[in-house]
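A closer look at the structure
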Amino acid sequence: QVQLVESGGGLVQAGGSLRLSCRASGRTFAFSTYPMGWFRQAPGEERQLVAAITWNGGSTYYADSVKARFTISRDNTKNTLYLQMNSLKPEDTAVYYCAKYGGTDYRASYYLGDAYEYWGQGTQVTVSS
C-alpha cells in the first residue's frame with residue numbers, strides 16, 4: 001500500500017515563502033525509482049500539475065505559472081519530496097498534493113498530470129494580499 005503524506009502548508013503574506021514536504025512509504029513502493037509530482041487545486045478549478053521530477057532529479061518540469069518561483073527536489077534516502085515556494089502570490093492559494101508517477105514511459109509523460117496516481121491528502125496553502 002502506497003502512502004503519501006504532505007506537510008508544510010499554512011497562511012503566508014504575498015511575497016513570502018513556504019517549503020512543502022511529502023513523505024512516501026509502503027513496502028512495495030520503491031520511492032527512488034519513480035518520478036514524483038506536486039499538484040494544486042484551487043476552489044472551482046481542476047487539479048493542475050505544477051512541478052515534477054524524475055527518479056534521480058535529473059529532469060524537472062514546472063508549470064508556466066510557477067517557473068522561477070518554485071523549486072522541486074527530492075531526497076531519496078528519506079523517501080521525501082519537497083517543494084520550495086518563493087515570492088508567493090494570492091493566486092497560489094490552493095490545496096497542494098503530491099503524487100507518484102503511474103505511467104510506463106517517463107520520458108514522454110512525466111510532465112503530464114494524467115500520468116500520476118496515489119494522491120496524498122493534501123496541505124492547504126493560503127496567500128494573503
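Figured I'd write up the structure that's included with this text. (Residues numbered from 1 in each chain as written. Predicted model: local features only at pLDDT ≥ 70, side-chain atom pairs only at ≥ 80, totals over all residues. Heavy atoms only, no water.)

Between side chains of opposite charge, pairing is possible as soon as their charged atoms come close. For the structure on display, the rule yields 4 salt bridges. Residues Asp-92 and Arg-40 are paired through a salt bridge, measuring 2.9 Å at the closest nitrogen-oxygen approach. With Asp-92 in the loop between β8 (80-85) and β9 (94-101) and Arg-40 in strand β4 (residues 36-41), the pair connects residues that are 52 residues apart, well separated along the chain. What makes Asp-92 buried here is its relative accessible area of 0%. The closest approach of N and O atoms between Lys-67 and Asp-64, which form a salt bridge, is 3.1 Å. For Lys-67, a relative accessible area of 46% corresponds to the partly exposed category. Connected via shared salt-bridge partners are Arg-40, Arg-69 and Asp-92. (Salt bridge = Lys/Arg side-chain N within 4 Å of Asp/Glu carboxyl O. Helix = DSSP H or I, 4+ residues; strand = E, 2+ residues; numbered from the N terminus. Buried < 20%, exposed > 50% of the residue type's maximum accessible area, 1.4 Å probe, protein only.)

Here we come to the pairing of β9. Counting buried positions along β9 yields 7 of 8 residues, so the element is predominantly enclosed. Here 6 bridges tie β4 to β9, and the two strands are oriented antiparallel to one another. Bridging across to β9, Gln-41 finds its partner in Val-95. When β9 meets strand β11 (residues 123-128), the two strands line up antiparallel, connected through 3 bridges. Paired with Val-95 across the bridge in β11 is Gln-124. Relative to strand β10 (residues 116-117), β9 is paired through 2 bridges, and the arrangement is antiparallel. Each bridged residue has a counterpart across the sheet, and for Lys-100 the counterpart in β10 is Glu-117. (Pairing = 2+ DSSP bridges.)

What follows is about the state of the cysteines. One pass over the structure, following the stated rule, counts 1 disulfide. Between Cys-22 and Cys-98 runs a disulfide, and the two sulfur atoms are separated by 1.9 Å. Looking down the S-S bond of the Cys-22 and Cys-98 bridge, the torsion is 55°, so its handedness is right-handed. One end of the pair, Cys-22, is in strand β3 (residues 18-25); the other, Cys-98, is in strand β9, with 76 residues separating them in the sequence. You can call Cys-22 buried: its relative accessible area is 0%. (Disulfide = S-S within 2.5 Å.)

The next subject is the pairing of strand β5 (residues 48-53). For β5, the tally of buried residues reaches 5 of 6 residues, placing the bulk of the element in the interior. In this structure, β4 lies alongside β5, joined through 5 bridges in antiparallel fashion. Among the inter-strand pairings, Met-36 is bridged to a residue of β5, identified as Ile-53. Two successive antiparallel strands, β4 and β5, enclose a turn made up of 6 residues, where Gly-44 displays a positive phi of approximately 75°. Looking at chain direction, β5 and strand β6 (residues 60-62) are connected through 3 bridges and run antiparallel. Paired with Ala-52 across the two strands is Tyr-61, which belongs to β6. Between β5 and β6, which pair antiparallel in sequence order, lie 6 residues; one of them, Gly-57, sits at a positive phi of approximately 80°.

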